[in-house]
Amino acid sequence: MPKFNATLGALSDSVQPGTTAWTEAGWALEASLENTLKDLILSHSDIPMEQVVKEYTSYLQTLITQKYNKAMKRQPK
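Note that the coordinates shown come from a computational prediction; the quantities given were computed from them, not determined experimentally.

## Looking at the overall build of the protein chain
Point 1. Scanning the protein chain from N- to C-terminus turns up three helices and zero strands.
Point 2. Listing the helices and strands of the protein chain from first to last along the sequence gives α-α-α.
Point 3. Residues classed as buried in the protein chain amount to 23% of the 77 residues present.
Point 4. The contacts in the protein chain between residues at least 6 apart in sequence include a share of 54% that link residues at least 24 apart.
Point 5. Just so you have it, the protein chain exposes about 5600 Å², and 58% of that area is on carbon and sulfur atoms.

## Brief notes about the nonpolar core
Point 1. Counting residues in hydrophobic clusters, the biggest one holds 14 residues, and the most contacted among them are Leu8 and Leu11.
Point 2. Of all the secondary-structure elements, those providing two or more residues to this core are α2 (20-43) and α3 (49-74).
Point 3. In terms of residue count, the dominant contributor to this core is α2 (six residues).

## A closer look at the environment of leucine 63
Point 1. Counting through the fold element by element, leucine 63 comes out in helix α3.
Point 2. Taking the C-alpha atoms as reference points, leucine 63 and serine 43, 20 residues apart in sequence, are found 23 Å from one another.
Point 3. In this view, leucine 63 contacts Met1 and Phe4; residues no more than four positions away in its chain are not counted.

## Some thoughts on α2
Point 1. For α2, spanning 24 residues, the distance from its first C-alpha to its last is 35 Å, which sits close to the expected 34 Å at 1.5 Å a residue.
Point 2. The largest bend in α2 is about 40°, located at leucine 33.
Point 3. Every buried residue of α2 is listed here: Trp22, Ala25, Leu29, Leu33, Leu37 and Ile41.
Point 4. Looking at the buried residues of α2, the elements they touch are α1 (2-6) and α3.

## Re α3
Point 1. With 26 residues, α3 extends 38 Å from end C-alpha to end C-alpha; this agrees with the ideal 38 Å at 1.5 Å per step.
Point 2. Turning to α3, its buried residues number three or more, namely Val52, Tyr56, Leu60, Leu63, Lys67 and Ala71.
Point 3. Buried positions along α3 lie against α1 and α2.

## Thoughts on the pattern of salt bridges
Point 1. Enumeration according to the criterion identifies one salt bridge in this entry.
Point 2. Notably, a salt bridge pairs glutamate 34 with lysine 38, separated by 3.3 Å at the nearest N-O pair. Note that glutamate 34 and lysine 38 are positioned in helix α2 at a spacing of four residues, about one turn of the helix.
Point 3. Owing to a relative accessible area of 44%, glutamate 34 belongs among the partly exposed residues under this scheme.

So, how was this worked out
Residues numbered from 1 in each chain as written. Predicted model: local features only at pLDDT ≥ 70, side-chain atom pairs only at ≥ 80, totals over all residues. Heavy atoms only, no water. Helix = DSSP H or I, 4+ residues; strand = E, 2+ residues; numbered from the N terminus. Buried < 20%, exposed > 50% of the residue type's maximum accessible area, 1.4 Å probe, protein only. Contact = heavy atoms within 4.5 Å. Areas by Shrake-Rupley, 256 points an atom, 1.4 Å probe, with all protein chains shown as cover. Core = buried A, V, L, I, M, F, W, Y, C linked by side-chain atoms within 4.5 Å. Expected span 1.5 Å × (residues − 1). Bend = angle between axes of the 7 residues up to and from the residue. Salt bridge = Lys/Arg side-chain N within 4 Å of Asp/Glu carboxyl O.

Laid out in structure tokens, this is it:
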């Protein structure tokens with residue numbers, strides 16, 4: 001969550017998905033979380049790697065979707 005807030009979460013709600021700023025933040029988030037995912041897989045070796053990756057990806061997608069929905073609600077109609 002801190003890494004999300006430092007990248008996508010820190011974007012202004014006026015930044016629209018698909019813009020350069022949004023895309024760059026997404027790439028930065030992915031890069032900053034690579035080691036987190038590796039650590040999760042290693043520290044939970046009793047859980048299949050595919051399951052850890054699936055839950056991790058689902059959590060991140062939820063955060064990104066929430067940010068996107070918040071941004072869409074604030075756009076002028």
